[in-house]
Amino acid sequence: MRFDLQSAIVMAAATASSLSVAWLLTHHEPRVAEAAVLTAPVAIPTPASAPGQPAQITRAADGHYWAEADIDGRAIRVLVDTGASVVALTRDDALRLGLRLSPSDFTQTVETASGPVKAAPVDLKHVAVAGARVEDVRALVVEKGLPHSLLGMSYLGRLSAFEARPTGLTLRP
């Protein structure tokens, strides 16, 4: 058995994040981690796989894991973020999904790396990454300041497993 310290650290962080998400979902308003602003993100194609099969996400040159997610039948580019409690959508991506939100829909305040922002809770019919599909996913649309939509723990935590390796992630439905 090979011991990979980086994978062990990532999995320990993911486990801690999952446990804190479970506690936060039952005791507090959700918190959304804000992604770092990237000057020139690199698009990484995600290979298709059969439903129910593990999905592979390759680590991009910028060190992040980017994926094309099928959200309610639309392709949305997302940053995989185990530190985000929920799937977090930008206003632009919410519009692409047909979500027409008014200012009164932004009823929650969430803490980000840049401070508090308003967010609108939404329920997504499904989120799928290369066949790793989850139904009825809780999400937030962040009013402003989120540079990229985030694939957070409201999706990742409902998979049977996800595994980080130095070259990529494996998502197991």
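Whatever comes next refers back to the structure up there.
Draft legend 1. How the structure looks around the packing of aromatic side chains. Per the stated rule, a full pass over the model turns up zero aromatic pairs. Stacked on the ring of Trp66, the Lys or Arg Arg77 has its end atom at 3.9 Å from the ring centre.

Draft legend 2. Unusual backbone geometry, seen in detail. Residue Asp72 is not a glycine yet carries a positive backbone phi of 50 degrees. Take Asp72: it is sitting in the loop between strand 2 (66–71) and strand 3 (74–80). Classification of Asp72 by relative accessible area gives partly exposed; the value is 28%. One non-glycine residue, Ala130, lies in positive phi territory at about 50 degrees.

Draft legend 3. Molecular detail of the environment of Leu156. Summarising the element assignment, Leu156 is placed in helix 3 (residues 153–156). Considering only alpha carbons, one finds Leu156 and Ser85, 71 residues apart in sequence, at a separation of 9.5 Å. Apart from the residues within four sequence positions on either side, Leu156 is in contact with Val80, Asp81, Thr82, Leu151, Phe162 and Leu171.

Draft legend 4. Structural detail: the side chain of Thr170. In this structure, Thr170 sits in strand 10 (residues 168–172). Sequence-distant contacts of Thr170, defined by excluding residues within four places in its chain, comprise Pro54, Ala55, Gln56, Ala161, Phe162 and Glu163.

Rules used in this analysis
- Residues numbered from 1 in each chain as written.
- Predicted model: local features only at pLDDT ≥ 70, side-chain atom pairs only at ≥ 80, totals over all residues.
- Heavy atoms only, no water.
- Phe/Tyr/Trp six-rings, centres within 6.5 Å; stacked < 30°, edge-to-face > 60°.
- Lys NZ or Arg CZ within 6 Å of the ring centre and 35° of its normal.
- Helix = DSSP H or I, 4+ residues; strand = E, 2+ residues; numbered from the N terminus.
- Buried < 20%, exposed > 50% of the residue type's maximum accessible area, 1.4 Å probe, protein only.
- Contact = heavy atoms within 4.5 Å.

Purely geometric numbers; function is a separate question.
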